[in-house]
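Analysis of the macromolecular model
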Number of protein chains: 2
Amino acid sequence: MSHPHPELGSPPALPEGGLRIVPLGGLGEIGRNMTVFEFGGRLLIVDCGVLFPESEQPGVDLILPDFDYIRDRLDDIEGIVLTHGHEDHIGGVPYLLRERPDIPLIGSRLTLALLEAKLTEHRLKPTTVQVREGETRSFGPFSCEFLAVNHSIPDALAVAIRTAAGLVLATGDFKMDQLPLDGRLTDLGGFARLGAEGIDLLLSDSTNAEVPGFVTSERDIGIVLSDVLRIAQKRAIVACFASHVHRVQQVLDAAHESGRKVCFVGRSMVRNMGVARDLGYLRVPAGILIDQKEMDDLPGEEIVLVCTGSQGEPMSALSRMANRDHQIRIEQGDTVILASSLIPGNENAVNRVINGLTRWGARVVHKGNALVHVSGHAPAGELLYVLNMTRPGNFMPIHGEWRHLSAHARLAALTGVPDENIVIAEDGVVVDLVDGQAKIVGAVRAGYVYVDGLSVGEITETSLKDRRILGDEGFVSVVVVIDSSSGKVLGGPEIHARGAGIDSFEAVIPRLDEVLESAAADGINDVHQLRQLVRRTAGRWVNESFGRRPMIIPVIVEV
Amino acid sequence: MSHPHPELGSPPALPEGGLRIVPLGGLGEIGRNMTVFEFGGRLLIVDCGVLFPESEQPGVDLILPDFDYIRDRLDDIEGIVLTHGHEDHIGGVPYLLRERPDIPLIGSRLTLALLEAKLTEHRLKPTTVQVREGETRSFGPFSCEFLAVNHSIPDALAVAIRTAAGLVLATGDFKMDQLPLDGRLTDLGGFARLGAEGIDLLLSDSTNAEVPGFVTSERDIGIVLSDVLRIAQKRAIVACFASHVHRVQQVLDAAHESGRKVCFVGRSMVRNMGVARDLGYLRVPAGILIDQKEMDDLPGEEIVLVCTGSQGEPMSALSRMANRDHQIRIEQGDTVILASSLIPGNENAVNRVINGLTRWGARVVHKGNALVHVSGHAPAGELLYVLNMTRPGNFMPIHGEWRHLSAHARLAALTGVPDENIVIAEDGVVVDLVDGQAKIVGAVRAGYVYVDGLSVGEITETSLKDRRILGDEGFVSVVVVIDSSSGKVLGGPEIHARGAGIDSFEAVIPRLDEVLESAAADGINDVHQLRQLVRRTAGRWVNESFGRRPMIIPVIVEV
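Residues numbered from 1 in each chain as written. Chains lettered and ligands numbered in written order. Predicted model: local features only at pLDDT ≥ 70, side-chain atom pairs only at ≥ 80, totals over all residues. Heavy atoms only, no water.

You'll find chain A entered in an unreviewed UniProt entry as Ribonuclease J, with Actinoallomurus iriomotensis given as the organism. UniProt annotates chain A under Subunit (unreviewed entry) with the comment "Homodimer, may be a subunit of the RNA degradosome." One UniProt comment on chain A, placed under Subcellular location (unreviewed entry), says "Cytoplasm". (UniProt positions renumbered as here; feature names shortened; annotations may be inferred.)

Moving on: the UniProt feature "binding site: Ca(2+)" (unreviewed entry) in chain A. According to UniProt, the positions carrying the feature "binding site: Ca(2+)" (unreviewed entry) are Gly-59, Asp-61 and Asp-452 of chain A. In sequence the annotated residues extend across 394 residues, while in space they remain close, none of their C-alpha pairs exceeding 7.1 Å. Residue placement: Asp-61 of chain A occurs in the loop between β3 (42-46) and β4 (62-64). Discounting chain neighbours no more than four positions away, the residues touching Asp-61 of chain A are Pro-53, Val-451, Asp-452 and Gly-453 of chain A. For Asp-452 of chain A, the position within the fold is in strand β21 (residues 449-452). The contacts of Asp-452 of chain A, once residues within four sequence positions are left out, are Gly-59, Asp-61, Ile-459 and Arg-467 of chain A together with Phe-546 and Arg-548 of chain B. (Helix = DSSP H or I, 4+ residues; strand = E, 2+ residues; numbered from the N terminus. Contact = heavy atoms within 4.5 Å.)

Remark: the centre distance and the inter-plane angle together describe each pair of aromatic rings, the angle taken between the planes. Considering all chains together, one arrives at nine aromatic pairs over all chains under this definition. For the ring pair Tyr-448 of chain A and Tyr-450 of chain A, a centre distance of 6.0 Å and an interplane angle of 80° mean the geometry is edge-to-face. Under the relative-accessibility criterion, Tyr-450 of chain A is labelled buried at 2%. With a centroid separation of 5.8 Å and 50° between ring planes, the pair formed by Phe-505 of chain B and Trp-541 of chain B is classed as tilted. (Phe/Tyr/Trp six-rings, centres within 6.5 Å; stacked < 30°, edge-to-face > 60°. Buried < 20%, exposed > 50% of the residue type's maximum accessible area, 1.4 Å probe, protein only.)

Turning next to the relation of the copies chain A and chain B. After a rotation of 180° and a shift along the axis of 0.1 Å, chain A superposes on chain B with an RMSD of 0.1 Å. The two molecules are tied by a two-fold rotation axis, judged by turn and shift. The rotation axis passes nearest to the C-alpha of Gly-471 of chain A in chain A, at a distance of 1.8 Å. Both copies present the same face, since 100% of the interface residues in chain A are matched by interface residues at the equivalent positions in chain B. (Least-squares fit on C-alpha atoms with pLDDT ≥ 70 in both.)

It is worth spelling out unusual backbone geometry at this point. The residue Asp-47 of chain A is not glycine, and still its phi comes out positive at about 65°. Looking at the element boundaries, Asp-47 of chain A is found in the loop between β3 and β4. Residue Arg-32 of chain B is not a glycine yet carries a positive backbone phi of 40°. Examined against the element boundaries, Arg-32 of chain B turns out to sit in the loop between β1 (19-25) and β2 (34-39). A relative accessible area of 1% places Arg-32 of chain B in the buried class.

What follows concerns the UniProt feature "binding site: Zn(2+)" (unreviewed entry) in chain A. Residues and elements named next belong to chain A. In the UniProt entry, the feature "binding site: Zn(2+)" (unreviewed entry) is given for His-84, His-86, Asp-88, His-89, His-151, Asp-173 and His-399. Despite a sequence span of 316 residues, these residues sit close together in the fold, their greatest C-alpha distance being 13.9 Å. On the secondary structure map, His-84 appears in the loop between β5 (77-81) and α2 (87-90). Apart from the residues within four sequence positions on either side, His-84 is in contact with Asp-47, His-89, Ile-90, Thr-111, His-151, Ile-153, Ala-156 and Asp-173. In terms of polar contacts, His-84 uses its side chain to reach the side chain of Thr-83, at 3.1 Å. Its place among the elements puts His-399 in the loop between β18 (394-398) and α12 (402-414). Residues contacting His-399, with those up to four places away along its chain left out, are Gly-26, Leu-27, Ile-30, Asn-33, Asp-88, His-89, Asp-173, Asp-205, Ser-206, Thr-207, His-377 and Leu-405. (Polar contact = N/O pair within 3.5 Å; in protein donor to acceptor, adjacent residues only side chain to side chain.)

Next up on the list: the packing of helix α11 (residues 380-390) of chain B against helix α12 (residues 402-414) of chain B. Residue and element names in this part refer to chain B. Viewed as axis vectors pointing N to C, α11 and α12 meet at an angle of 50°, and their least axial separation amounts to 10 Å. The angle between the axes of α11 and α12 places the two elements in the oblique class. α12 is crossed by α11, and the crossing has right-handed handedness. Two secondary-structure elements touch here, α11 through Ala-380, Leu-383, Leu-384 and Leu-387 and α12 through His-408, Leu-411 and Ala-412. When the residues that make up the contact of α11 with α12 are grouped by side-chain class, the tally is six nonpolar, one polar and no charged. (Axes fitted to C-alpha atoms, helices over the stretch in contact; angles between N-to-C directions. Parallel < 35°, antiparallel > 145°, perpendicular 65-115°, else oblique. Left-handed = near helix turned anticlockwise from the far one by under 90°. Nonpolar A, V, L, I, M, F, W, Y, C, P; charged D, E, K, R; others polar.)

Next up, the structure:
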């Protein structure tokens, strides 16, 4: 198997007739999926998503792929294929369109509808190309055939890309529920047909490559939801992702069955379910929907609320209910159902919400105690089917952290893909497919680009490092005013501290005075030198007295 | 069931002949377990542990129970019973001994040995009373009978406390492995005997009350470890808690079986296993231990390393190996076994370690893909046995978050404890047992006391709030030097920012100049007013220009 070498250099020119594949996101992480395909000087992009920050990126709103690699080649882009409507696949589009607003956006009906709703909020009017499974369309030198795949959002697509360099199949995110709610199966037959034709390179979803076996059908959740709603004494509150149309469909069906009315709570839930209903992806039983005001007239046992907040997001309706900080007050007998995955990193937040809800008397049903969630990604058993049906010449695991990519590579090897034809790449690693052989040839920059407030890319690793120190230790600032010529102290030291847990600086003032006096006596009036002296003196005192290391900010003002 | 009311007042005087129970930690959280029993004006404390901080408590080293409730009554304390040697039960002792160094510490041989090793580091020489299962000892008016319990550390005890107010059984942390490695079973027969005598109040471990069923025996892990070591191509590196003597015992046995030598890595692992070996709790096969230097002379397939770091702690040997920042370099073919639980909140850190190790070619075995960990706490099935064997007059779930306490209370109700005799308390809630009836009678302060560096209790909620803001947004400080009489600006504004992601402040300087000039023109020379003006002007500019809200620190120095 080829692994990216830590010291990969810039890639050479792409040989004529070769296809270049450059993942700018999604490999080595779960999120901000974006892959650039290049052939004959033209580019096709598959997906353009965002990554959500972890605690290592404090204060950051979103993380984007680094567009630097394509910034000088925006006019070469034939289009962006969006495989489905999740944020980690479409969330970066508004930011890429800032660079060139008329890049054609290619996707299924629901995917484009969700994306357009988002772009409207960014005041962008995109150029779109609606496609559907079974269809083949050309974008410059790229002939794209679209195939249906089943995922945790309707209308997801895989894309087969044909160029003179060969046939590439990118699965997008998928699983193989054999009894999907909408009857739209992952087109394994289509994969087999392409396999028979000869797939030169397979790019396949690795998220669940470490998980043995097969997914439980989404349908099985419906039965559990019905049971829970039937025995719920009062209100039922279901929290799930605002894009999970099929999950919400099952809540609607179960509510209908148990004679309950349904109220959607929260902007994204109301917006997305409106889109899904208008396009016919969500079937809403007549008269079942009510708004928040109408709930007051109904007893709890006739109500289901559907909201977001299943990840413990502090500002969500559910977190606020748990904290008694929402107009909907949890009462003894209410049932809350967390019908979603638990994204790693959110465990503590979700735990706090469960404790809060339980404290007010709610029963909390979650994937830990009932079948109220199934994953949207194919586990190992299903990935083996795809590998065996496609028999790819080369294999490149995508959409996963290192552990997932590496597990998926092992599966490929077990199905008979030769080691030398398996490419484990990371973000920025350049893979060329030339004469039927995929190979790592270099690397380009593919670092994190942070969105924080209005700015994109202004927050750097240095800022984040400062935030981590400030967040752990706080700071102490020492201001001294000196006469610019003599270096004599005219004012201060004035000391301010926040987050350092120090109330009084009386003990350090004499030390600072002494240091500054002797500096003045030595004729030191260089601001830089004085700053060092102040930093060292204050820092040493804090460390000796408190055993802590806040950031020390010496400020010397010359007048 | 009685629930603590949010507006509980101070408790009334304890009626004569009554027993008062005040949990100062461990109820409503997992950690810093400490319960104070009062009878006839005397106090007995059970456990005195620490809680480890979450991301909500940035920069904090440890969280202690608030000793305020007992601070004026230190001389009334008859002793502290330590049920076992885990940090969340003994970690607070050094801090309590600072208040009164001669409080008798009561515990089993291993518990006291581990505690004494820790106290030596704090330069404390404690007064100890060694006890063992089957023994009854009186401490003032408290007659204590000790019973064996099985847990994830050897030599754990439950304690039955007899006073004229009745019989209380506190289980401590326990589970009921029926084939424990050391043959020391939880004394369910003893529990039954006490039950027959009549238990007035049962306090029982709630950690796993939500988990159905029974624990798998620790013994079953041994088989898996043997298999893993047998097929491991090169080195095996086992990470687990430094207190888990039985887990390490099984590693030693499996290593012995496969002809491998064992090297302990890390201070706490070396220290604890030394103690356990000296006292006969750890049986070390002759000649199996080697030190780090001796490893160089052996091929990888003859080596097992045992270290901590199973929670992804950034400074641990394991994390550093994952980052190639340790002299032990992970190589293709190495096997790493995370033989421990995953404490909620550590998921991302552990995930990073697994990705790092995988990247360098290691195979990582963890509880997600093999039976290399079993919990130390009794799940619901076992808790029901205890409830049914003890048939307590009153029941109070302990050691758990709200969700666990509430699940355990439900189990008690199912076994027939009347609702009015089930007390769900939280830290600080005062429960009196009078005439055989347990009741909540009030509450005392039981907030978090933070240890950060050398200081205890100096870091307040305000400091933590400041740290959270600084950690998310950074700060901007604006220093202005004014003439104290005229208010005229003599120097500045000088602006410093860290973590705010702002490079240049040129654009705001004219705005600040203008505001300060017009203030001087209006004769404003009040420092407080000028600070407000500067804060508002700078804050508004940052927010308008960047959509961010760093902390704004205006500093006005008068000369």
